[in-house]
Amino acid sequence: MRRAILAIASLAALIASPLAAQTVDKLPTTTLPPITITVFTVNTNFPIPPEDNRAYKLIKEKLGVTFKWDIAVGEADQKIGVMIAGQDYPDLLHINSPKFIDAGACIPLEDLIEKYAPNLKKHYQSNPVTWAKMHEKDGHVYCLLDYGIPENGVVDTEYYGPAMFIQKAIMKEAGFPKITTIDQYFDLIAKYKAKHPTTKDGKPTIGFSILTYDWHKFDLCNPPPFLAGYPNDGDGIVDPKTGKYRIQYYGPEAKRWYKLLNGLNDKGLVDRESFTDNYDQYMAKLANGQILGVHDQYWQFQDASKALIAQNRIWETMMPLPIVFDKSIKPHWRDQPLPNLQRGYGISIKAKDPVRIIKFLDAQFDPAWYKIMQWGVEGVDYTYDKSGQPFMTAEQSNRWDDVTWKLHNLAELWWAEAPKYEGHFTKGGLAAALRNNPNLYLSSLRPEDREVLKAYGAYSYSDLMDHNPPVNPPWYPAWQIVPPDGSPEKLAFTKAQDTYAKDLPKVILAKPADFEKEWTAYADDLKKTNIDVFEAYIQKGLDDRMAKYGKLK
Amino acid sequence: MSSIAMNKPAGFWKKLSTQRQLLWMSLPIVLYVILFTYVPLAGWTMAFQDFKPAKGFASPWVGLKWFVYLFSDDQFVMVMRNTLAMSLINLVFGFTFAIGLALTLNEVAAKRIKSLAQTISYLPHFLSWVVVAGIVSTMLSSDGVFNIILKALGIIKDPIVWLGQPKAFWWIVGFTNVWKEVGWNTIIYLAAMSTIDPSLYEAAEIDGCGRLARIRNITLPGIKPTIVVLIIMNLGWIMESGFEIQYLLRNGMNADYSQSIDIYVVNYGMRQGNYSLATAGGMFKSVVNIVLLLTANWVSGKLGEEKLV
């Protein structure tokens, strides 16, 4: 069997090779002298690539660059600490915290980009606010961001962000109604639960569950601002008119939401075990199809959906809905991609030839190289159909589940943190992410999802959440402003988080008659945590951003 | 006179050279202890600094700031209460159940049943806390075994979410510890019992002693030195109520009763990058432990019992 597959694979390669050779020949090359670049990375998702990896071989052949990897296994922070203490750096550093920058381990990049890297310059300066935010406090740019700067229009298919999620089966049974308010949402859930007290395999269905375990507890406090139509500023709300920030834990929206949950709990719709379950127990309930509705961010429970899909129970997977308190509110659940500040490669002070390195970084920032590193080779791993869209056979598509194939053919380890295209390569051109191209995306949809999307006239679940997410204001998001470790602000914030984790279950589970009493006790406990200090810190951060990048839009 | 004075150091060196193999053998252990328990003590200086990893030892000195902070923090007082309570429960349960089980096993005549019971009771010791916490939280969930039994017995009507009952938390930890460790803890007592001279039992039997009288008058006094030494040693761990089980079973609802000093140190020290606070918390714990250990040892000596050091 194995031999047969091998034979077919080599046959396919043989047939395809003339075409492949052609595309590979067309790759941009360099006349610069060859160089070995040493790279330190804390990305542990990919092993060190083997010698015969196709993408790295091409990079060596055409761009004259060989990588030498140093992957931080175990405690990355400890390793970084040792490097800083010994001033012992490779050429390129993977920055994923302020540590290297604060320690002065990186060289300023803005002049190098200006002089030697036209591609990178165009990319990073495509949005002036992003370019401004890339400058650290001392006025220099140290980090080439890895993600979050889409060009030529955003494409999103699968939705990974926050939403009120509901089982697809509920919407189907109700005839795919267009619902917008939280009352409609819970109404559907209550009716479905009354009709289906158990799942097909006899487990009780659960109206609404909340993930509260450890750091995941943000799901407990995040819904109120969303329901009131505010974007994801996390723990607080920024007034769009005045720019004033306030902690939202005990605001009027919060009170409205928890009063609602309190009433729902009285009707038996809230999962009481939410407050004691750990992450695994929560995921198990979702993977059993027990939970009918939940507020979460999709990336957190994606694996539970995968388990249901593997059993072909697609209707029991969740779909996102942009739900708000009432019809007068415009939802703002989906936001635009955010620049991933202080994440990406930086050139170290020990790099021997920074000019050569930045020239390489600029050269690899090219659609042709992007495709070699992440899509594969044309004619071998994908072809173009008549409409000029990428196309994969079932066999080519299945290779993407094969870790060994990816290890030998793609440049994932380098690519993950490298400066890269996001959105589209050109205006109206191909989407940078292979599977975001419409033909490939549409052919990958399951019939059930096709039915749901058709009923709502949506292209994808992202589209269903918001067809046109509004442009982010320059100061957005407030959650990117974080007080330093060990500061009184951070301490107050941690205490406030512990307080809501402790008190909100009591508020939700109280008898409706006791709600006011429990709510007052919660608000009093929060005030005791000194949360104003944190509030003031974020306000100052926002004011600085508004002063620098313009006020509100 | 002088020859004796000359002899003494010679005797010491002679002894040293005759026992050199033993010295060589103990050297790695001594080095290990120095390297891993004494050298890190230098890190205690962090508790008196505003420690920043980038600055290292050059961080500013702040005296007792972090200790003052700890003791003026309501939460620290609370976590100390929890730690001591859980630790005392563990201590009392640990001794009574282990000694009780050891006495029972010792009285079992059938050798196979005895070794089977012993094996079963000490097996959970080898489970990781992650697994044990998983079992416990499943058993205590609203559709778990514990609620099913209580409902069947008519003690409760609606299932209770036990891990959401703050006051039940200490006892859950106590009984889980008993289940996990009781078999393991009996081993040392059974070993001590096997050293008791069988002729004592025979003599007692001839004198007309019943089973309970034999336990009271022969077995218990026979293992008393073991018990005393173990109590002294365990008092040295009184500030350690365990970390894993509380960390794995805690949640928002039981937070007031489940947070121990270790969890506090992780949450407010390590995770905040506040190493000074973490060190101060850990140092306080160690000092209390050492004081208790030495006091217990001293009291024991005064009462004419075994002494550890």
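Computed from a predicted structure; not experimentally measured.

Right, let's talk about the packing of aromatic side chains for a bit. Residue and element names in this part refer to chain A. This model, assessed by the stated rule, comprises 53 aromatic pairs over all chains. Residues Phe186 and Phe208 carry aromatic rings whose centres are separated by 5.2 Å and whose planes lie at 75° to one another, so their mutual orientation is edge-to-face. Taken together, the positions of Phe186 in helix α9 (residues 182-195) and Phe208 in strand β6 (residues 206-209) put the pair 22 residues apart, joining distant regions of the chain. For the pair shown, Phe186 and Phe208 are each scored as buried. Note on Phe365 and Tyr421: the rings are 4.6 Å apart at their centroids and 25° apart in plane angle, and the pair reads as stacked. Here Phe365 is found in the loop between α15 (354-364) and α16 (367-374), whereas its partner Tyr421 is found in the loop between α19 (412-417) and α20 (438-444), with 56 residues between them in sequence. Of the aromatic side chains, those joined through ring pairs into one cluster are Phe365, Tyr370, Trp375, Tyr382, Tyr384, Trp415, Tyr421 and Phe425.

Another point: the domain arrangement of chain A. All names here are of chain A. Split by domain assignment, chain A resolves into domain 1 (26-150 + 342-436) and domain 2 (162-333 + 451-549). Centre-to-centre separation of domain 1 and domain 2, based on C-alpha positions: 35 Å. Between domain 1 and domain 2, the residue contacts involve four residues of the former and five residues of the latter. Ranking the residues of domain 1 by area buried against domain 2 places Val129, Ala132 and Lys133 at the top, with a combined share of 91%. Applying the counting rule to domain 1 against domain 2 returns two residue pairs in polar contact (both at pLDDT 80 or more). For the side of domain 1 that touches domain 2, a count of residues per class yields two nonpolar, one polar and one charged.

Facing 26 residues of chain B, the contacting portion of chain A comprises 18 residues. Together, Met253, Tyr268 and Gln272 of chain B form the three largest contributors to the area buried by chain B at its contact with chain A, with a combined 32%. The partner of Asp214 of chain A in a salt bridge is Arg250 of chain B, and the shortest N-O contact between them spans 3.3 Å. Taken together, chain B and chain A are joined by seven residue pairs in polar contact (both at pLDDT 80 or more). Classifying every residue of the side of chain B that touches chain A gives nine nonpolar, 12 polar and five charged.

Quick notes on the rules
Residues numbered from 1 in each chain as written. Chains lettered and ligands numbered in written order. Predicted model: local features only at pLDDT ≥ 70, side-chain atom pairs only at ≥ 80, totals over all residues. Heavy atoms only, no water. Phe/Tyr/Trp six-rings, centres within 6.5 Å; stacked < 30°, edge-to-face > 60°. Helix = DSSP H or I, 4+ residues; strand = E, 2+ residues; numbered from the N terminus. Buried < 20%, exposed > 50% of the residue type's maximum accessible area, 1.4 Å probe, protein only. Domains from an automatic or database assignment. Contact = heavy atoms within 4.5 Å. Buried area = accessible area lost by both parts, 1.4 Å probe. Polar contact = N/O pair within 3.5 Å; in protein donor to acceptor, adjacent residues only side chain to side chain. Nonpolar A, V, L, I, M, F, W, Y, C, P; charged D, E, K, R; others polar. Salt bridge = Lys/Arg side-chain N within 4 Å of Asp/Glu carboxyl O.

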